[in-house]
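Spelled out from the first residue to the last, the chains are:
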Amino acid sequence: MRSGSRVSVLRRSEPQEGTAIQELASLDHGIRAWTFCACGFVVEMMVWGFLFSYGIFQEYYTSHPPFNNSSQVAIAAVGTVGLGIQYGEVLFLSVLFRRYPDYMHPAMWCALVLYFVCLVGSSFATKVWQLILLQGVGLGFSGGIMYLPVMILLPQWFSERRGLAGGIIFAGTGVGGFIFPFMLNSLLENLGLRWTLRIWAVMTCVSTGIAFFGVRPRLPVTKYRDGQRRPLAPRISIFKNPLFLSFSLTCLVQGLSYFPVSLYIASFTQTVATPLTATVVLSLFNSAGVFGQVILGHLTDRFAYPWVMLFSSVGSALAAFFLWGFASGPALIYPFAIIFGALSGGFSSVWPNAAVDCAGRAPENADITYAGTALFKGVSAVIGPIVSGLLLEAGKSTTLGHGYGRAGYGAVEIFVGSCALVTGLGSIIVAATRQRVPM
């Protein structure tokens, strides 16, 4: 479906007469719309930015007691579990909030309290399983509830500029991923793990709590009386749509390429450079995603999103094969972090427009198709780091030859680049499916 027809469908789905429409805030314009966008950016930054900065904690846990004698795979599982749950729960939560929209905003505040409790509780952990339970499961579960309403409400505020607005919101991950590693490193060095987690819990509660006041619906929330029939979950046929399946499977493969890099880029850099360089590289990687999200998101408003996906994936593959593959120091690691971080990190900015496309003639189901895609991405968030961890263990400290794949990362680099290439192939399939599926 072309962007023009998609907008016309959205416009036809809204009432055109009556006093109610005059009381609504402007769509795509106005202070309230951009306030929502800014507040969504803050929520994204605090929830996802912190999660994607787990590499700093991973380095700390593996080198400081009481966790330094634990399995590296188990320590990596803390971040992996958090990512998997935060992506995977979105579909269930979307269906739940569809049936109980009047409970969505209170649920955000309850999740913020749970997030605070889990983060403070992590400061008392002495075993890795406790970190997995609190910093992994707890933060992942509560973070998803805090974040999802932003994506559910985004189509209410933006239509023609949905790609740009979504890109700005998604850029919060990159901003947090750039700033937070430096802040966390400084706190860990000066105050230690326990007070770092406690201070971060307070910071998250204050900043995210303020942002929640701007994450408000544009349309009136339906109030249901006791015994009144609530809306049913969407039919399962929505997930059998060939466009949805091709797009979601492509996103799954793209996640297999992205997540291993986000998890291991700091560790790799530290083996061939210094801890400070590792922090800088992780920050560059995450901050490059800021520009990638905004630019690629804006491009999806102007061009068909499958071709934006193809551009992102092919560029990511070339960076993984040639820059990361031959990297032996900062000279190639820096450009790799910037290019791969921008192209692969900005990939998710195609989601808002793709979700509406996958919903077809029922644009009100865009939140469900978005959530379904997030479930696929959650699978890759778990599988990708596990596969790359096994490849890394098998490679140990070997080099594949001719300087390729330093410190045993050669197989991981080939895996990442190959998955990016397959993502490019999937993008072409999405483009072909998009032409065949009636909208």
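Keep in mind that what you see is a predicted model, and the values were worked out from it rather than measured. (Residues numbered from 1 in each chain as written. Predicted model: local features only at pLDDT ≥ 70, side-chain atom pairs only at ≥ 80, totals over all residues. Heavy atoms only, no water.)

1. Brief notes about the overall build of the protein chain
Alright, step 1. Assigned secondary structure in the protein chain consists of 16 helices and zero strands.
Alright, step 2. Taking 22 Å as the expected radius of gyration for a compact globule of 439 residues, we find that the protein chain reaches 21 Å, a close match to that expectation.
Alright, step 3. Counting only C-alpha atoms, the protein chain reaches 70 × 45 × 35 Å along its principal axes.
Alright, step 4. Burial statistics for the protein chain: of 439 residues in total, 58% are counted as buried.
Alright, step 5. Taking as baseline every contact in the protein chain between residues at least 6 positions apart, the subset at least 24 positions apart corresponds to 83%.
Alright, step 6. In the structure as shown, the protein chain presents an accessible area of about 17900 Å², 67% of it carried by carbon and sulfur atoms. (Helix = DSSP H or I, 4+ residues; strand = E, 2+ residues; numbered from the N terminus. Rg over C-alpha atoms; globule rule 2.2 N^0.38 Å. Buried < 20%, exposed > 50% of the residue type's maximum accessible area, 1.4 Å probe, protein only. Contact = heavy atoms within 4.5 Å. Areas by Shrake-Rupley, 256 points an atom, 1.4 Å probe, with all protein chains shown as cover.)

2. Brief notes about the packing of helix α10 (residues 242-272) against helix α12 (residues 305-324)
Alright, step 1. Between α10 and α12, the least distance of the axes is 12 Å, while the angle of their chain directions is 30°. Our classification of the angle between α10 and α12 gives roughly parallel. Every pair of crossing elements has a handedness; the one defined by α10 and α12 is left-handed. Across the interface between the two elements, Leu-243, Phe-247, Thr-250, Val-261 and Phe-268 of α10 pack against Tyr-305, Met-309 and Trp-324 of α12.
Alright, step 2. For the contact of α10 with α12, the class distribution of residues is seven nonpolar, one polar and no charged. (Axes fitted to C-alpha atoms, helices over the stretch in contact; angles between N-to-C directions. Parallel < 35°, antiparallel > 145°, perpendicular 65-115°, else oblique. Left-handed = near helix turned anticlockwise from the far one by under 90°. Nonpolar A, V, L, I, M, F, W, Y, C, P; charged D, E, K, R; others polar.)

3. Some words on the packing of aromatic side chains
Alright, step 1. As enumerated under the stated definition, the model contains 31 aromatic pairs in all.
Alright, step 2. Consider the rings of Phe-244 and Phe-376, whose centres lie 6.2 Å apart with planes at 80°: the pair is edge-to-face. Here Phe-244, found in helix α10, pairs with Phe-376, found in helix α15 (residues 366-395); they are 132 residues apart in sequence, far enough to count as distant.
Alright, step 3. For Phe-244, a relative accessible area of 2% translates into the label buried.
Alright, step 4. Arg-198 extends its terminal NZ or CZ atom over the ring of Phe-124, reaching a point 4.6 Å from the ring centre.
Alright, step 5. One cation-aromatic arrangement involves Arg-198 over Trp-195; the distance from NZ or CZ to the ring centre is 4.9 Å. (Phe/Tyr/Trp six-rings, centres within 6.5 Å; stacked < 30°, edge-to-face > 60°. Lys NZ or Arg CZ within 6 Å of the ring centre and 35° of its normal.)

4. Description of the confidence of the model for the protein chain
Alright, step 1. Of the residues in the protein chain, 91% reach a pLDDT of 70 or more, and the chain-wide mean stands at 85.
Alright, step 2. Here residues 1-22 scores under 50 on pLDDT; set against residues more than four positions off or in separate chains, the count is 24 contacts. (pLDDT = per-residue confidence, 0-100.)

5. Describing helix α13 (residues 330-343)
Alright, step 1. If you check α13, its first and last C-alpha atoms are 20 Å apart, about what 14 residues at 1.5 Å a residue would give, namely 20 Å.
Alright, step 2. Of the residues making up α13, those classed as buried are Ile-333, Phe-336, Ala-337, Phe-340, Gly-341, Ala-342 and Leu-343.
Alright, step 3. Tucked inside the fold, the buried residues of α13 contact α10, α11 (275-302), α12 and α16 (410-436). (Expected span 1.5 Å × (residues − 1).)

6. Details of the pattern of salt bridges
Alright, step 1. According to the stated counting rule, one finds one salt bridge in the structure shown.
Alright, step 2. Where Asp-357 meets Arg-434, a salt bridge forms, and the shortest distance between an N and an O atom there is 2.5 Å. Of this pair, Asp-357 sits in helix α14 (residues 351-359) while Arg-434 is found in helix α16, placing the two residues 77 residues apart along the sequence. Summarising the burial analysis for this pair, Asp-357 and Arg-434 share the class buried. (Salt bridge = Lys/Arg side-chain N within 4 Å of Asp/Glu carboxyl O.)

7. Overview of helix α7 (residues 104-122)
Alright, step 1. Over its 19 residues, α7 runs 27 Å from end to end, which matches the ideal 27 Å to within 8%, given 1.5 Å per residue.
Alright, step 2. The secondary structure elements touched by the buried residues of α7 are α3 (31-51), α6 (90-99), α8 (128-157) and α9 (162-212).

8. Quick notes on the state of the cysteines
Alright, step 1. One pass over the full model with this rule turns up zero disulfides.
Alright, step 2. Looking at Cys-205, it has no disulfide partner, and the nearest cysteine sulfur is the one in Cys-118, 11 Å off. (Disulfide = S-S within 2.5 Å.)

9. Some details on a nonpolar patch on the surface
Alright, step 1. Residues Val-113, Phe-116, Val-117, Val-202, Val-206 and Ile-210 make up a contiguous nonpolar surface patch of about 520 Å² in total accessible area.
Alright, step 2. Taken together, the elements giving at least two residues each to the nonpolar patch come down to α7 and α9. (Patch = residues over 30% accessible without salt bridge, like charges linked within 9 Å, V, L, I, M, F, W, Y side chains within 5 Å.)

10. Things to note about the environment of Arg-230
Alright, step 1. When you line up the elements, Arg-230 lands in the loop between α9 and α10.
Alright, step 2. Classification of Arg-230 as buried rests on a relative accessible area of 14%.
Alright, step 3. As a C-alpha pair, Arg-230 and Phe-340 span 110 residues in sequence and 45 Å in three-dimensional space.

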